[in-house]
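Observations on the three-dimensional arrangement
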Amino acid sequence: MFEKVLIANRGEIGLRVARCCRDLGMRVVAVYSTEDRDSALVRMADETVHIGPAPARHSYLNIPALIEAALRTGAQALHPGYGFTSENPDLAEVCEDHGITFVGPPANVIDQLGDKASARALMAEAGLPLLPGGVEPAAGLEEARALAAETGYPLIIKPVAGGGGRGMQVVRGPGELAAKYRQARGKAQALFGDNRVYLERYLAAARHVEIQVLGDRLGNLVHLGERDCSVQRRNQKIIEESPAHGLPADVVRRMGEAALLGAKAAEYTGAGTFEFLVDDTGDFYFMEVNCRIQVEHPVTEMVTGVDLVREQFRVAAGLPLELSQSGVAPRGAAIECRVNAEDPARDFLPTPGPVEEFTAPAGPFVRVDTDCFPGHRVSAAYDPLLAKVITWAPDRAQARERMRRALDEFHVSGPGVRTNIPFLRRVLDDPRFADGTHTTSLVADLTSQEPLG
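What comes next is a walk through the structure. Here the residue index of a chain counts from 1 through its sequence in written order. Local features in this predicted model are restricted to residues of pLDDT 70 or higher, and side-chain atom pairs are both shown and tallied only at a pLDDT of 80 or more, whereas totals for entire chains, interfaces and linings draw on every residue. Remark: hydrogens and water are excluded; side-chain values derive from all non-hydrogen atoms of the structure.

With respect to the helices and strands, Ser33 occurs in strand β2 (residues 27-33). We call a residue buried when its accessible area falls under 20% of the maximum for its residue type, exposed when it is over 50%, and partly exposed in between, using a 1.4 Å probe and counting protein chains only. The class of Ser33 is buried, set by a relative accessible area of 0%. Contacts are residue-level and defined by heavy atoms, with any inter-residue pair within 4.5 Å sufficient. Ignoring any residue separated from it by four or fewer positions in sequence, one finds Ser33 in contact with His50, Gly52, Pro53, Ala54, Ser59, Tyr60 and Tyr382. Strands here are runs of E lasting at least two residues and helices are runs of H or I lasting at least four, both read from the DSSP assignment and numbered beginning at the N terminus.

Following this line, the structure appears as structure tokens:
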């Protein structure tokens, strides 16, 4: 294993990785922006390096600053967490050039899977099912029109680069195509510096289900079951769970097999996630691969007992997987709620500001991943995630009740700071979520019914 690790991230995931480092006896180097100088991660780290001002492009996205920090402190490995540079092949390549182990897949794998067009082409060749649409980016509006006529409406236009649900445009009919196509290309360029887009059929009411995979450098691969991530606002997840309630065992089995086929085709190493859409007939379709640890990884850890960050470090150190597929034995059910500093009544607008009260829930089988504390300031410069609350129980009904109790115990206050906790309670109480028949349309349905304030 490594003696010293640089964590190229912040917030709760930075703290989560740091704790794993401590468990493994590795020293922690934390990089931080001016905004995060008093963060919980900085307080916990063995060494710290200031890498720039608050804007991420000048700090957490600044690859030369990250590499310089690693070299200056003698860090042997760099863990990117999620977001920021976690799926940047340039960082993985520069780490390799400087003798620093990047805790993630190699640069060529990230590059191939991060480009949605090449990822779709590779998965199609490996035999994974895709939604009707174009495998390659649309070359122009006329090609988009021809493809749309073949695919049918509604359809969705997605950036080839990037992820996280950003920049996508839903097209309901031919009259919207030209304007939405131009908007999608413009947003893709602004967000990712790459205006290429592709088109595929849009499933308005599907389930978003993903498979967690692990691969070592010896070619061994396993999957750790599925997560249902269908509760989303603006295409970003707010509640996740494992297993996917009511999904037939045969569908789960075939989806796991498909993920392993895709991982083998990509020569995948480390922790990764294969994301699928499941329609109302049980058919599933490949969407994308995330070449990093996921925000929602704790629900998989809770049902399998596998420390995914520890496995990332083991793989990066060249050690073989300790798991075999037959040894993966999920137990019970886990649910995660993302508590964000945002106002659902104003289209989930972030609400930055100082936190004066922060009382997290506790009790049996309740896990809270957070870096927040009284005196913490929610920054407008970063994602508004305050905490992740994860509950486990022998079955889903008990896990849901435990989550309802946990959210009732959660108290956050400060000037201007609001949270989505009341909205999360509303989702948990909705009959569709309670019986597991909800789809990706649930949040849109709830927000259209009545005011959220």
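Past the structure itself, the notes keep going.
For the rest of this paragraph, the subject is the nonpolar core. The term nonpolar core refers to a set of buried residues drawn from Ala, Val, Leu, Ile, Met, Phe, Trp, Tyr and Cys, joined through side-chain atoms within 4.5 Å. By size, the foremost hydrophobic cluster in this structure holds 54 residues, and its most contacted members are Leu6, Leu113, Met255, Phe274 and Phe276. The element contributing the most residues to this core is helix α9 (residues 249-266), with 8 residues. The contact partners of Leu113, leaving out residues within four places of it in the chain, are Ala119, Leu122, Met123, Ala266, Tyr268, Val289 and Cys291.

Glancing now at unusual backbone geometry. Working note: non-glycine residues mostly have negative phi, and peptide bonds are mostly trans. With an omega of -5°, the peptide bond running from Tyr153 to Pro154 counts as cis. On the secondary structure map, Pro154 appears in the loop between α7 (141-151) and β6 (155-159). Between Ser242 and Pro243 the backbone carries a cis peptide bond, its omega angle lying at 0°. Mapped onto the elements, Pro243 comes out in the loop between β11 (236-242) and α9. If you check the backbone angles, Phe365 has positive phi at about 60° while not being a glycine.

Once that is clear, we can look at a negative patch on the surface. On the surface, Asp90, Glu93, Glu96, Asp97 and Asp111 cluster together into a patch of negative charge. Ranked by residue count, the leading element in the negative patch is helix α4 (residues 89-97), at 4 residues. Note that Glu96 resides in helix α4. Owing to a relative accessible area of 62%, Glu96 belongs among the exposed residues under this scheme. Here a patch means residues that are over 30% exposed by relative accessible area and free of salt bridges, tied together within 9 Å if like-charged and within 5 Å if nonpolar (Val, Leu, Ile, Met, Phe, Trp, Tyr). Residue exposure ignores everything except the shown protein chains as possible cover, and the areas themselves are Shrake-Rupley values with a 1.4 Å probe. A carboxyl oxygen of Asp or Glu within 4 Å of a side-chain nitrogen of Lys or Arg is what we treat as a salt bridge. For this count, His and the chain ends are skipped, Lys and Arg are scored as positive, and Asp and Glu as negative. Here the site of a charge means NZ on Lys, CZ on Arg, CG on Asp, or CD on Glu.

This part is about helix α15 (residues 442-449). Restricting attention to buried positions, one finds in α15 the residues Leu442, Val443 and Leu446. Looking straight down α15, one finds that the buried residues subtend no more than 95° of arc, so they occupy a single side. Considering only its buried residues, α15 is in contact with β10 (221-233), β11, α13 (421-429) and α14 (431-434). Directions from the helix axis toward the C-beta atoms define the arc.

Another point: the packing of α4 against helix α5 (residues 107-114). Lines fitted to C-alpha atoms define the axes here, with helix axes fitted over just the stretch in contact, and angles between the N-to-C directions of these axes take values from 0 to 180 degrees. One can describe the packing of α4 onto α5 by two numbers: an axis separation of 8 Å at closest approach and a directional angle of 175°. Considering the angle they form, α4 stands roughly antiparallel to α5. Listed contacts from α5 to Pro89, Ala92 and Glu93 of α4 are Ala107, Ile110 and Asp111. In this classification, the charged set is Asp, Glu, Lys and Arg, the nonpolar set is Ala, Val, Leu, Ile, Met, Phe, Trp, Tyr, Cys and Pro, and all remaining amino acids, among them Gly, are polar. Looking at the contact of α4 with α5 residue by residue, the class counts come to 4 nonpolar, no polar and 2 charged. Each angle receives one of four descriptions, namely roughly parallel if under 35 degrees, roughly antiparallel if over 145, roughly perpendicular if within 65 to 115, and oblique otherwise.

In this section: the sheet that holds strand β7 (residues 169-171). Pairing within the open sheet is antiparallel, and its 3 strands lie in the order β7-β6-β8. Among the strands making up the open sheet, the edge pair consists of β7 and β8 (197-201). Across the sheet, the axes of successive neighbouring strands diverge by a mean angle of 25°, strand direction being ignored. Of the strand pairs in this sheet, β6 and β7 are connected by 3 bridges, and their pairing is antiparallel. Pairing of Leu155 across the sheet is with Val171, part of β7. Running over the sheet, α7 touches β6 and β8 and is turned about 15° from β8. Two strands are counted as paired when DSSP detects at least two bridges linking them.

Inspection of the secondary structure puts Asn9 in the loop between β1 (4-7) and α1 (11-23). Its relative accessible area of 3% is what places Asn9 among the buried residues. Polar contact criterion, stated in full: a pair of N or O atoms within 3.5 Å, where within protein one must be able to donate a hydrogen and the other to accept it, and residues adjacent in sequence count only if both atoms are side-chain atoms. A distance of 2.8 Å separates a polar side-chain atom of Asn9 from the backbone oxygen of Tyr82. Non-local contacts of Asn9, meaning those with residues more than four positions away in its chain, are made with Val31, Leu41, Tyr60, Pro80, Gly81, Tyr82, Gly83 and Phe84.

The next thing to look at is the environment of Ile100. With respect to the helices, strands and loops of the structure, Ile100 is situated in the loop between α4 and β5 (101-102). Setting aside residues up to four positions removed in sequence, Ile100 forms contacts with Ile67, Ala70, Leu71, Ala75, Gln76, Ala77, Leu78 and Cys95.

Sheets are built from strands paired through backbone hydrogen bonds, the pairs being either parallel or antiparallel. Taking strand neighbours across the sheet as the criterion, the 5 strands line up as β3-β2-β1-β4-β5 in an open arrangement whose pairing is parallel. Each of the sheet's edge strands pairs with one partner strand only, and the pair in question is β3 (47-52) and β5. Alignment of β1 against strand β4 (residues 77-79), held across 3 bridges, turns out to be parallel. Each residue of the ladder has a partner; that of Val5, found in β4, is Ala77.

Within strand β21 (residues 385-393), 9 of the 9 residues are buried, leaving the element largely enclosed by the surrounding structure. As paired strands, strand β14 (residues 333-340) and β21 are joined by 8 bridges and run antiparallel to one another. Paired with Glu336 across the bridge in β21 is Ile390. As paired strands, strand β19 (residues 366-370) and β21 are joined by 5 bridges and run antiparallel to one another. Across the sheet, Asp369 pairs through a bridge with Lys388, a residue of β21.

We now examine the pattern of salt bridges. Overall, the coordinates contain 40 salt bridges when judged by the stated rule. One salt bridge in this structure joins Arg16 and Glu301, with 2.7 Å as the shortest N-O distance. Residue Arg16 is found in helix α1, and its partner Glu301 is found in helix α10 (residues 297-304); the two are separated by 285 residues along the sequence. On the basis of relative accessible area, Glu301 is assigned to the buried category, the value being 8%. Between Arg120 and Glu200 there is a salt bridge whose closest N-O contact spans 2.8 Å.

Right, let's talk about the packing of aromatic side chains for a bit. A pair of aromatic rings is counted whenever rings of Phe, Tyr or Trp (Trp by its six-membered ring) have centres within 6.5 Å, and the orientation is called stacked for planes under 30 degrees apart, edge-to-face for over 60 and tilted otherwise. For the structure on display, the rule yields 9 aromatic pairs. Taking the centre distance of 5.4 Å and the plane angle of 85° together, the rings of Phe358 and Phe410 count as edge-to-face. One end of the pair, Phe358, is in strand β18 (residues 357-359); the other, Phe410, is in the loop between α12 (396-409) and β22 (411-413), with 52 residues separating them in the sequence. The two residues Phe358 and Phe410 agree in class, both being buried. Residues Phe365 and Trp392 carry aromatic rings whose centres are separated by 5.0 Å and whose planes lie at 50° to one another, so their mutual orientation is tilted. Of this pair, Phe365 sits in the loop between β18 and β19 while Trp392 sits in strand β21, placing them 27 residues apart in sequence. For Phe365, a relative accessible area of 49% gives the class partly exposed.

Function-wise, these values are silent; they only describe arrangement.
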